[in-house]
Amino acid sequence: SSATPLSALSADDLAARLTTVRAAYDELKARGLKLDLTRGKPGSDQLDLSNDLLGLPSSYRDRSGADVRNYGGLEGLAEMREIFADLLGVDVASVVCGGNSSLTMMHQVLTALLLKGGPDSPRPWSQEPVVKFICPVPGYDRHFTMLAELGIEMVSVPMNADGPDVPAVRALVDDPAVKGMWVVPTYANPTGAVCSAEVAAELMAMPTAAPDFRILWDNAYAVHHLTDVETKSADALGLAAASGHPNRPIMFASTSKITFAGAGVAALAASAENKAWYLERLGFAAIGPDKVNHLRHVEFFDDADGVRDHMRKHRDLIAPKFTAVEDALSSRLAGLGIAEWTVPTGGYFVNLDVLDGTASRVVQLAKEAGIALTPAGSAFPHGNDPRDRNIRLAPTFPVLDEVQAAMAGVAVCVELAALESLTRG
Ligand code: PMP
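Criteria and thresholds
- Residues numbered from 1 in each chain as written.
- Predicted model: local features only at pLDDT ≥ 70, side-chain atom pairs only at ≥ 80, totals over all residues.
- Axes fitted to C-alpha atoms, helices over the stretch in contact; angles between N-to-C directions.
- Helix = DSSP H or I, 4+ residues; strand = E, 2+ residues; numbered from the N terminus.
- Parallel < 35°, antiparallel > 145°, perpendicular 65-115°, else oblique.
- Left-handed = near helix turned anticlockwise from the far one by under 90°.
- Contact = placed C-beta atoms within 7 Å.
- Nonpolar A, V, L, I, M, F, W, Y, C, P; charged D, E, K, R; others polar.
- Pairing = 2+ DSSP bridges.
- Near = placed C-beta within 6 Å.
- Buried ≥ 20, exposed ≤ 12 C-beta atoms within 10 Å, placed from the backbone.
- Core = buried A, V, L, I, M, F, W, Y, C linked by C-beta atoms within 7 Å.
- Domains from an automatic or database assignment.

Quick rundown of the packing of helix 12 (residues 359-368) against helix 13 (residues 400-423)? Include the residues and the values.
Helix 13 packs onto helix 12 with a crossing angle of 130° between their chain directions and a minimal axis gap of 9 Å. Taken together, the axis directions place helix 12 and helix 13 in an arrangement best described as oblique. As for the relative orientation of helix 12 and helix 13, their crossing is right-handed in sense. Note on element contacts: helix 13 touches helix 12 through Gly409, Val410, Cys413, Val414, Leu416, Ala417 and Glu420, opposite Arg361, Val362, Leu365 and Ala366. Here the contact of helix 12 with helix 13 is built from residues that sort into 8 nonpolar, 1 polar and 2 charged.

Now, about the sheet that holds strand 5 (residues 163-164): what can you tell me, with residues and values included?
Strand order in the open sheet formed by 8 strands is 2-9-8-7-6-3-4-5, and the pairing between neighbours is mixed. Lying at the two open borders of the sheet, with one neighbouring strand each, are strand 2 (95-97) and strand 5. As paired elements, strand 2 and strand 9 (residues 266-269) share 3 bridges and run antiparallel to each other. Bridge assignment links Cys97 to a residue of strand 9, and that residue is Ala267. Packing against the sheet, helix 3 (residues 78-88) makes contact with strand 2, strand 8 (249-254) and strand 9, and its axis sits at approximately 125° to strand 2.

Lay out the environment of Lys116 in plain terms, naming residues and giving numbers.
Among the structural elements, Lys116 can be located in the loop between helix 4 (102-115) and strand 3 (132-137). For Lys116 and Ile83, which are 33 residues apart along the polypeptide, the C-alpha to C-alpha distance reads 31 Å. Filtering out sequence-adjacent residues up to four positions away, Lys116 remains in contact with Pro124 and Arg281.

Tell me about the site of the ligand, residues and numbers included.
All residues adjacent to the ligand are Gly40, Ser101, Ser102, Leu103, Tyr140, Val184, Asn189, Asp218, Ala220, Ser254, Ser256 and Ala266. For the shell around the ligand, a count of residues per class yields 5 nonpolar, 6 polar and 1 charged.

I'd like a rundown of unusual backbone geometry, residues and numbers included.
With an omega dihedral of 0°, the bond running from Leu56 to Pro57 counts as a cis peptide bond. Omega for the bond connecting Asn189 with Pro190 falls within 30 degrees of zero, at 5°, which places this linkage in the cis form. Looking at where Pro190 falls in the secondary structure, it is placed in the loop between strand 6 (178-183) and helix 7 (197-205). A positive phi angle is found at Tyr187, which is not glycine, with a value near 50°. Position of Tyr187 among the secondary structure elements: in the loop between strand 6 and helix 7. Take Tyr187: there are 26 C-beta atoms within 10 Å of it, and that puts it in the buried class. The backbone of Asp388 shows a phi angle near 40°, a positive value even though the residue is not glycine. As for its placement among the helices and strands, Asp388 is situated in the loop between strand 12 (371-372) and strand 13 (390-393).

Account for the nonpolar core, with residues named and values stated.
Ranked by size, the top nonpolar core spans 128 residues in total, and within it Met251, Ala267, Leu268, Val354, Val362, Cys413 and Val414 carry the most contacts. At 13 residues, the largest contribution of residues to this core is made by helix 13. Not counting residues up to four positions away in its chain, the partners in contact with Met251 are Leu88, Val90, Trp217, Asn219, Ala236, Leu237, Leu268, Ala269 and Ala270.

Describe the pairing of strand 11 (residues 350-354), and please don't skip the residues or the numbers.
One face of the sheet, then the other: side chains in a regular strand alternate in exactly this way. Counting buried positions over the 5 residues of strand 11 gives 4, a clear majority of the element. Looking at chain direction, strand 10 (residues 339-341) and strand 11 are connected through 3 bridges and run antiparallel. Looking across to strand 11, one finds that Ala339 is bridged to Val354. The pairing of strand 11 with strand 13 spans 4 bridges and is antiparallel. Paired with Asn351 across the two strands is Arg392, which belongs to strand 13.

If you had to explain the domain arrangement of the protein chain to someone new, which residues and values would you point to?
When the domains of the protein chain are assigned, the result is domain 1 (6-46 + 309-423) and domain 2 (61-302). The C-alpha centroid of domain 2 is placed 31 Å from the C-alpha centroid of domain 1. Each partner contributes to the interface: domain 1 provides 23 residues, whereas domain 2 provides 28 residues. For the side of domain 1 that touches domain 2, the elements supplying multiple residues, two or more each, are helix 11 (304-333) and strand 13. At 5 residues, helix 11 tops the list of elements feeding residues into the side of domain 1 that touches domain 2. Its residues assigned to classes, the side of domain 1 that touches domain 2 comprises 10 nonpolar, 10 polar and 3 charged.

Rendered as C-alpha coordinates:
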(Lines give C-alpha, C1' and ligand atoms only; values in the text may rest on other atoms or scores of the structure.)
Protein backbone atom coordinates (compact mmCIF):
# COMPACT_ATOMS: atom_id res chain seq x y z
CA SER A 1 0.00 0.00 0.00
CA SER A 2 1.36 3.43 -0.86
CA ALA A 3 0.99 5.71 2.12
CA THR A 4 0.52 9.46 2.15
CA PRO A 5 3.32 11.39 3.84
CA LEU A 6 2.02 12.69 7.15
CA SER A 7 3.25 16.16 6.21
CA ALA A 8 0.70 16.20 3.36
CA LEU A 9 -2.28 15.61 5.69
CA SER A 10 -4.64 18.39 6.75
CA ALA A 11 -4.83 19.39 10.40
CA ASP A 12 -8.12 17.51 10.76
CA ASP A 13 -6.73 14.35 9.19
CA LEU A 14 -3.67 14.53 11.42
CA ALA A 15 -5.86 14.93 14.52
CA ALA A 16 -7.98 11.95 13.49
CA ARG A 17 -4.92 9.86 12.84
CA LEU A 18 -3.45 10.83 16.20
CA THR A 19 -6.58 9.50 17.89
CA THR A 20 -6.29 6.18 16.03
CA VAL A 21 -2.58 5.73 16.70
CA ARG A 22 -2.98 6.70 20.35
CA ALA A 23 -5.58 3.95 20.66
CA ALA A 24 -3.16 1.48 19.05
CA TYR A 25 -0.51 2.60 21.53
CA ASP A 26 -2.85 2.15 24.49
CA GLU A 27 -3.55 -1.38 23.30
CA LEU A 28 0.17 -1.99 23.00
CA LYS A 29 0.71 -0.76 26.54
CA ALA A 30 -2.09 -2.96 27.83
CA ARG A 31 -0.26 -6.04 26.57
CA GLY A 32 2.37 -5.59 29.31
CA LEU A 33 5.30 -6.54 27.10
CA LYS A 34 8.80 -7.01 28.45
CA LEU A 35 11.13 -6.86 25.47
CA ASP A 36 14.67 -5.61 24.99
CA LEU A 37 16.35 -4.39 21.80
CA THR A 38 19.19 -2.55 23.52
CA ARG A 39 22.48 -4.42 23.22
CA GLY A 40 24.17 -6.18 20.36
CA LYS A 41 24.58 -9.49 22.10
CA PRO A 42 24.48 -12.91 20.45
CA GLY A 43 21.38 -14.97 21.21
CA SER A 44 21.81 -18.13 23.27
CA ASP A 45 21.19 -20.23 20.13
CA GLN A 46 24.22 -18.49 18.61
CA LEU A 47 26.33 -19.19 21.69
CA ASP A 48 25.26 -22.84 21.50
CA LEU A 49 27.00 -23.10 18.11
CA SER A 50 30.31 -22.91 19.96
CA ASN A 51 29.58 -25.23 22.88
CA ASP A 52 32.22 -27.71 21.69
CA LEU A 53 34.76 -25.15 22.88
CA LEU A 54 33.81 -26.14 26.43
CA GLY A 55 35.45 -29.54 25.89
CA LEU A 56 38.61 -28.19 24.27
CA PRO A 57 41.54 -28.04 23.93
CA SER A 58 42.20 -31.75 23.66
CA SER A 59 45.91 -31.20 24.12
CA TYR A 60 48.06 -28.66 25.88
CA ARG A 61 50.83 -28.29 23.34
CA ASP A 62 50.74 -25.84 20.48
CA ARG A 63 52.19 -26.54 17.03
CA SER A 64 55.67 -25.53 18.18
CA GLY A 65 55.48 -27.90 21.12
CA ALA A 66 55.13 -25.15 23.73
CA ASP A 67 53.01 -25.95 26.79
CA VAL A 68 50.08 -23.51 26.53
CA ARG A 69 49.33 -23.93 30.22
CA ASN A 70 52.44 -22.02 31.14
CA TYR A 71 53.53 -18.37 30.96
CA GLY A 72 54.97 -16.81 27.83
CA GLY A 73 54.21 -16.19 24.19
CA LEU A 74 53.19 -12.54 24.55
CA GLU A 75 52.08 -12.11 20.92
CA GLY A 76 49.75 -15.12 21.08
CA LEU A 77 49.69 -18.56 19.50
CA ALA A 78 51.07 -18.53 15.94
CA GLU A 79 48.21 -20.68 14.64
CA MET A 80 45.60 -18.34 16.17
CA ARG A 81 47.42 -15.34 14.68
CA GLU A 82 47.32 -17.06 11.28
CA ILE A 83 43.55 -17.40 11.45
CA PHE A 84 43.08 -13.69 12.23
CA ALA A 85 45.63 -12.72 9.55
CA ASP A 86 43.65 -14.63 6.94
CA LEU A 87 40.29 -13.22 8.10
CA LEU A 88 41.58 -9.65 8.26
CA GLY A 89 43.64 -9.82 5.08
CA VAL A 90 46.92 -8.91 6.78
CA ASP A 91 50.37 -10.52 7.20
CA VAL A 92 50.58 -12.89 10.13
CA ALA A 93 53.68 -10.97 11.29
CA SER A 94 51.47 -7.94 12.02
CA VAL A 95 49.06 -9.76 14.35
CA VAL A 96 48.93 -10.00 18.14
CA CYS A 97 46.31 -12.21 19.81
CA GLY A 98 45.38 -11.23 23.31
CA GLY A 99 42.64 -11.75 25.86
CA ASN A 100 38.89 -11.85 25.46
CA SER A 101 38.23 -8.22 24.55
CA SER A 102 39.33 -6.06 21.65
CA LEU A 103 37.85 -3.08 23.46
CA THR A 104 40.45 -3.64 26.17
CA MET A 105 43.21 -3.60 23.52
CA MET A 106 41.87 -0.28 22.18
CA HIS A 107 41.91 1.09 25.71
CA GLN A 108 45.49 -0.14 26.21
CA VAL A 109 46.58 1.54 22.97
CA LEU A 110 44.97 4.85 23.92
CA THR A 111 46.33 4.86 27.46
CA ALA A 112 49.82 4.03 26.13
CA LEU A 113 49.58 6.86 23.60
CA LEU A 114 48.55 9.22 26.41
CA LEU A 115 51.21 8.11 28.89
CA LYS A 116 54.12 7.29 26.58
CA GLY A 117 53.30 8.50 23.07
CA GLY A 118 53.61 6.35 19.97
CA PRO A 119 56.82 5.54 18.06
CA ASP A 120 56.45 8.78 16.08
CA SER A 121 55.06 11.09 18.79
CA PRO A 122 56.95 14.26 19.70
CA ARG A 123 55.76 13.72 23.30
CA PRO A 124 53.13 11.71 25.17
CA TRP A 125 49.64 12.78 24.17
CA SER A 126 48.86 13.68 27.79
CA GLN A 127 51.47 16.45 27.56
CA GLU A 128 49.62 18.13 24.69
CA PRO A 129 47.37 21.02 25.73
CA VAL A 130 44.41 19.24 24.15
CA VAL A 131 43.91 15.96 22.31
CA LYS A 132 41.02 15.49 19.88
CA PHE A 133 39.64 12.48 18.07
CA ILE A 134 37.45 12.38 14.99
CA CYS A 135 34.28 10.40 15.58
CA PRO A 136 32.15 9.31 12.62
CA VAL A 137 28.48 9.53 13.70
CA PRO A 138 26.34 7.70 14.31
CA GLY A 139 28.95 5.39 15.81
CA TYR A 140 29.73 2.91 18.58
CA ASP A 141 28.80 4.30 21.99
CA ARG A 142 31.65 2.55 23.82
CA HIS A 143 34.23 4.19 21.55
CA PHE A 144 32.88 7.56 22.59
CA THR A 145 32.56 6.85 26.29
CA MET A 146 36.15 5.53 26.27
CA LEU A 147 37.42 8.82 24.86
CA ALA A 148 35.33 10.83 27.33
CA GLU A 149 36.74 8.75 30.19
CA LEU A 150 40.31 9.43 29.00
CA GLY A 151 39.78 13.16 28.55
CA ILE A 152 40.06 13.10 24.76
CA GLU A 153 37.80 15.63 23.03
CA MET A 154 35.49 14.40 20.29
CA VAL A 155 34.77 16.03 16.95
CA SER A 156 32.02 14.47 14.86
CA VAL A 157 31.98 13.82 11.14
CA PRO A 158 29.17 12.17 9.21
CA MET A 159 29.32 8.42 8.64
CA ASN A 160 28.24 7.85 5.03
CA ALA A 161 27.23 4.63 3.30
CA ASP A 162 30.82 4.22 2.04
CA GLY A 163 32.55 5.21 5.28
CA PRO A 164 33.53 8.40 7.11
CA ASP A 165 32.92 11.64 5.19
CA VAL A 166 36.37 12.34 3.74
CA PRO A 167 36.02 16.11 3.10
CA ALA A 168 34.83 16.60 6.70
CA VAL A 169 37.77 14.54 7.99
CA ARG A 170 40.24 16.45 5.81
CA ALA A 171 38.94 19.75 7.16
CA LEU A 172 39.88 18.64 10.69
CA VAL A 173 43.26 16.98 10.34
CA ASP A 174 45.22 20.18 9.70
CA ASP A 175 44.80 20.83 13.43
CA PRO A 176 47.79 19.20 15.23
CA ALA A 177 45.57 18.57 18.27
CA VAL A 178 43.57 16.10 16.17
CA LYS A 179 45.48 12.92 16.93
CA GLY A 180 43.28 10.24 15.51
CA MET A 181 39.92 8.84 14.58
CA TRP A 182 37.70 5.83 14.94
CA VAL A 183 36.67 3.76 11.96
CA VAL A 184 34.46 0.68 12.07
CA PRO A 185 35.17 -0.29 8.47
CA THR A 186 32.84 -3.19 7.85
CA TYR A 187 29.16 -3.35 8.79
CA ALA A 188 29.65 -0.38 11.09
CA ASN A 189 27.90 -0.12 14.41
CA PRO A 190 25.15 1.07 14.06
CA THR A 191 24.60 1.91 10.36
CA GLY A 192 25.98 -1.23 8.72
CA ALA A 193 28.03 0.97 6.36
CA VAL A 194 31.05 -0.58 4.66
CA CYS A 195 34.09 1.64 4.16
CA SER A 196 35.03 1.51 0.47
CA ALA A 197 38.59 0.92 -0.70
CA GLU A 198 38.58 4.50 -2.08
CA VAL A 199 37.61 6.07 1.24
CA ALA A 200 40.09 3.86 3.09
CA ALA A 201 42.86 4.89 0.68
CA GLU A 202 42.10 8.59 1.22
CA LEU A 203 42.07 8.23 5.00
CA MET A 204 45.39 6.44 4.95
CA ALA A 205 47.04 8.84 2.50
CA MET A 206 45.72 12.27 3.60
CA PRO A 207 48.24 14.67 5.10
CA THR A 208 47.73 15.27 8.82
CA ALA A 209 49.27 17.96 11.02
CA ALA A 210 49.87 15.43 13.80
CA PRO A 211 52.87 13.24 12.86
CA ASP A 212 51.51 10.47 15.08
CA PHE A 213 47.92 10.50 13.77
CA ARG A 214 46.25 7.14 14.51
CA ILE A 215 43.24 5.50 12.91
CA LEU A 216 41.78 2.95 15.30
CA TRP A 217 40.40 0.58 12.69
CA ASP A 218 37.92 -1.51 14.65
CA ASN A 219 36.99 -4.37 12.36
CA ALA A 220 34.68 -6.02 14.89
CA TYR A 221 32.30 -7.25 12.16
CA ALA A 222 34.73 -8.26 9.41
CA VAL A 223 33.16 -11.68 8.86
CA HIS A 224 29.65 -11.02 10.15
CA HIS A 225 27.77 -11.18 6.85
CA LEU A 226 23.96 -11.28 6.78
CA THR A 227 23.69 -12.26 3.11
CA ASP A 228 25.65 -14.61 0.88
CA VAL A 229 27.71 -11.64 -0.33
CA GLU A 230 30.82 -11.89 1.82
CA THR A 231 32.17 -8.34 1.47
CA LYS A 232 35.93 -7.96 1.92
CA SER A 233 37.24 -5.19 4.16
CA ALA A 234 39.50 -2.51 2.69
CA ASP A 235 43.21 -3.27 3.12
CA ALA A 236 43.97 -0.63 5.74
CA LEU A 237 47.51 -1.72 6.60
CA GLY A 238 48.54 -2.18 2.95
CA LEU A 239 47.07 1.17 1.88
CA ALA A 240 48.74 2.97 4.78
CA ALA A 241 52.13 1.45 4.05
CA ALA A 242 51.80 2.21 0.35
CA SER A 243 51.09 5.87 1.06
CA GLY A 244 53.99 6.29 3.45
CA HIS A 245 52.01 6.19 6.72
CA PRO A 246 52.56 2.61 7.91
CA ASN A 247 51.98 3.51 11.56
CA ARG A 248 48.67 5.30 10.99
CA PRO A 249 46.21 2.39 11.34
CA ILE A 250 45.91 -0.01 14.24
CA MET A 251 43.42 -2.74 13.49
CA PHE A 252 41.30 -4.60 16.02
CA ALA A 253 38.99 -7.60 15.90
CA SER A 254 37.76 -10.41 18.11
CA THR A 255 35.76 -13.60 18.15
CA SER A 256 33.29 -12.07 20.62
CA LYS A 257 30.43 -12.42 18.13
CA ILE A 258 31.91 -15.53 16.55
CA THR A 259 32.28 -17.86 19.54
CA PHE A 260 31.53 -16.64 23.08
CA ALA A 261 31.00 -12.90 23.58
CA GLY A 262 32.63 -13.02 27.01
CA ALA A 263 35.27 -15.66 26.36
CA GLY A 264 36.56 -15.26 22.85
CA VAL A 265 39.94 -14.16 21.51
CA ALA A 266 40.80 -10.56 20.61
CA ALA A 267 43.42 -9.46 18.11
CA LEU A 268 45.34 -6.37 17.05
CA ALA A 269 47.20 -5.92 13.76
CA ALA A 270 49.61 -3.12 12.92
CA SER A 271 52.92 -2.14 11.34
CA ALA A 272 56.10 -3.77 12.65
CA GLU A 273 56.94 -0.59 14.56
CA ASN A 274 53.49 -0.25 16.12
CA LYS A 275 53.40 -3.92 16.99
CA ALA A 276 56.81 -3.78 18.72
CA TRP A 277 55.66 -0.63 20.56
CA TYR A 278 52.44 -2.32 21.70
CA LEU A 279 54.21 -5.51 22.82
CA GLU A 280 56.82 -3.53 24.73
CA ARG A 281 54.06 -1.75 26.70
CA LEU A 282 52.12 -5.01 27.14
CA GLY A 283 55.25 -6.68 28.50
CA PHE A 284 54.96 -4.50 31.59
CA ALA A 285 51.37 -5.62 32.13
CA ALA A 286 51.36 -9.34 31.34
CA ILE A 287 53.67 -12.34 31.02
CA GLY A 288 51.53 -13.86 28.32
CA PRO A 289 47.93 -14.22 27.13
CA ASP A 290 45.47 -17.05 27.74
CA LYS A 291 47.02 -19.50 25.28
CA VAL A 292 44.71 -22.30 26.40
CA ASN A 293 41.85 -20.26 24.98
CA HIS A 294 43.83 -19.62 21.81
CA LEU A 295 44.49 -23.34 21.35
CA ARG A 296 40.84 -24.17 22.08
CA HIS A 297 39.78 -21.80 19.31
CA VAL A 298 42.40 -23.17 16.90
CA GLU A 299 41.21 -26.75 17.49
CA PHE A 300 37.58 -25.67 17.14
CA PHE A 301 38.06 -23.88 13.79
CA ASP A 302 41.15 -25.51 12.25
CA ASP A 303 41.58 -22.51 9.96
CA ALA A 304 39.98 -19.32 8.65
CA ASP A 305 37.59 -21.28 6.45
CA GLY A 306 36.35 -22.96 9.60
CA VAL A 307 35.44 -19.50 10.90
CA ARG A 308 33.72 -18.60 7.64
CA ASP A 309 31.63 -21.78 7.74
CA HIS A 310 30.73 -21.07 11.35
CA MET A 311 29.63 -17.52 10.47
CA ARG A 312 27.17 -18.93 7.93
CA LYS A 313 25.47 -20.77 10.82
CA HIS A 314 25.20 -17.49 12.71
CA ARG A 315 23.79 -15.87 9.60
CA ASP A 316 21.08 -18.53 9.33
CA LEU A 317 20.04 -17.80 12.92
CA ILE A 318 20.04 -13.99 12.84
CA ALA A 319 19.17 -13.01 9.27
CA PRO A 320 15.45 -13.77 9.91
CA LYS A 321 15.52 -11.32 12.83
CA PHE A 322 16.84 -8.57 10.59
CA THR A 323 14.17 -9.43 8.04
CA ALA A 324 11.57 -9.10 10.81
CA VAL A 325 12.83 -5.61 11.63
CA GLU A 326 12.69 -4.58 7.97
CA ASP A 327 9.21 -6.08 7.53
CA ALA A 328 7.80 -4.30 10.59
CA LEU A 329 9.27 -0.94 9.65
CA SER A 330 8.37 -1.04 5.97
CA SER A 331 4.86 -2.39 6.46
CA ARG A 332 3.97 0.24 9.06
CA LEU A 333 6.11 3.28 8.26
CA ALA A 334 7.11 3.25 4.58
CA GLY A 335 5.97 6.35 2.71
CA LEU A 336 4.89 8.29 5.81
CA GLY A 337 7.95 10.53 5.60
CA ILE A 338 8.69 10.15 9.31
CA ALA A 339 11.41 7.51 9.39
CA GLU A 340 14.36 6.13 7.47
CA TRP A 341 16.24 2.99 8.34
CA THR A 342 19.11 0.86 7.12
CA VAL A 343 18.82 -2.63 5.68
CA PRO A 344 22.25 -3.91 6.70
CA THR A 345 24.04 -6.68 4.83
CA GLY A 346 26.09 -7.55 7.90
CA GLY A 347 26.86 -6.70 11.50
CA TYR A 348 24.53 -6.49 14.46
CA PHE A 349 22.42 -3.36 14.12
CA VAL A 350 19.72 -1.47 12.28
CA ASN A 351 19.98 2.31 12.31
CA LEU A 352 16.59 4.01 12.60
CA ASP A 353 16.27 7.75 12.01
CA VAL A 354 12.88 9.10 13.07
CA LEU A 355 11.33 12.54 12.63
CA ASP A 356 13.76 15.20 13.92
CA GLY A 357 13.20 15.99 17.56
CA THR A 358 11.27 12.81 18.35
CA ALA A 359 13.85 10.07 19.08
CA SER A 360 13.84 10.59 22.86
CA ARG A 361 10.04 10.58 22.85
CA VAL A 362 9.98 7.32 20.84
CA VAL A 363 12.34 5.68 23.33
CA GLN A 364 10.22 6.92 26.24
CA LEU A 365 6.96 5.71 24.66
CA ALA A 366 8.55 2.32 23.96
CA LYS A 367 9.81 2.07 27.52
CA GLU A 368 6.36 2.79 28.92
CA ALA A 369 5.05 -0.01 26.69
CA GLY A 370 7.67 -2.44 28.02
CA ILE A 371 10.06 -2.26 25.06
CA ALA A 372 13.62 -1.31 26.02
CA LEU A 373 15.52 0.61 23.34
CA THR A 374 19.07 2.01 23.52
CA PRO A 375 18.81 5.56 24.91
CA ALA A 376 18.33 8.13 22.15
CA GLY A 377 21.60 9.82 21.28
CA SER A 378 23.85 7.00 22.45
CA ALA A 379 25.45 6.68 19.02
CA PHE A 380 26.83 10.24 19.41
CA PRO A 381 29.64 11.70 21.56
CA HIS A 382 28.35 12.55 25.05
CA GLY A 383 25.02 10.98 24.08
CA ASN A 384 24.09 14.16 22.24
CA ASP A 385 22.31 13.67 18.92
CA PRO A 386 21.88 17.26 17.70
CA ARG A 387 18.78 16.30 15.70
CA ASP A 388 17.33 13.92 18.32
CA ARG A 389 16.37 11.50 15.60
CA ASN A 390 18.70 8.50 15.85
CA ILE A 391 17.81 5.13 17.40
CA ARG A 392 19.96 2.03 17.31
CA LEU A 393 18.07 -1.26 17.06
CA ALA A 394 19.78 -4.49 18.10
CA PRO A 395 17.66 -7.50 17.11
CA THR A 396 20.05 -10.44 17.69
CA PHE A 397 19.45 -11.26 21.36
CA PRO A 398 15.66 -11.66 21.61
CA VAL A 399 14.02 -14.68 19.96
CA LEU A 400 12.30 -14.07 16.61
CA ASP A 401 8.77 -13.76 18.05
CA GLU A 402 10.00 -11.12 20.45
CA VAL A 403 11.74 -9.19 17.69
CA GLN A 404 8.49 -9.18 15.73
CA ALA A 405 6.41 -8.06 18.70
CA ALA A 406 8.93 -5.42 19.75
CA MET A 407 9.28 -3.97 16.27
CA ALA A 408 5.53 -3.79 15.70
CA GLY A 409 5.42 -1.78 18.92
CA VAL A 410 8.37 0.42 17.96
CA ALA A 411 6.64 1.33 14.70
CA VAL A 412 3.56 2.48 16.63
CA CYS A 413 5.75 4.58 18.94
CA VAL A 414 7.55 6.17 15.98
CA GLU A 415 4.27 7.19 14.39
CA LEU A 416 2.72 8.39 17.64
CA ALA A 417 5.73 10.58 18.45
CA ALA A 418 5.66 12.02 14.93
CA LEU A 419 1.95 12.77 15.12
CA GLU A 420 2.33 14.40 18.53
CA SER A 421 5.05 16.58 17.09
CA LEU A 422 3.20 17.45 13.89
CA THR A 423 -0.09 18.28 15.63
CA ARG A 424 1.70 20.47 18.13
CA GLY A 425 2.14 22.75 15.11
N1 PMP B 1 33.83 -2.84 18.52
C2 PMP B 1 32.59 -2.72 18.05
C3 PMP B 1 32.34 -1.84 16.86
C4 PMP B 1 31.55 -3.41 18.66
O5 PMP B 1 30.30 -3.27 18.21
C6 PMP B 1 31.84 -4.24 19.77
C7 PMP B 1 30.78 -5.04 20.48
N8 PMP B 1 29.57 -4.45 20.70
C9 PMP B 1 33.13 -4.30 20.24
C10 PMP B 1 34.12 -3.60 19.59
C11 PMP B 1 33.49 -5.10 21.45
O12 PMP B 1 34.45 -6.04 21.14
P13 PMP B 1 35.09 -6.99 22.23
O14 PMP B 1 34.03 -7.90 22.72
O15 PMP B 1 36.15 -7.71 21.46
O16 PMP B 1 35.66 -6.14 23.32
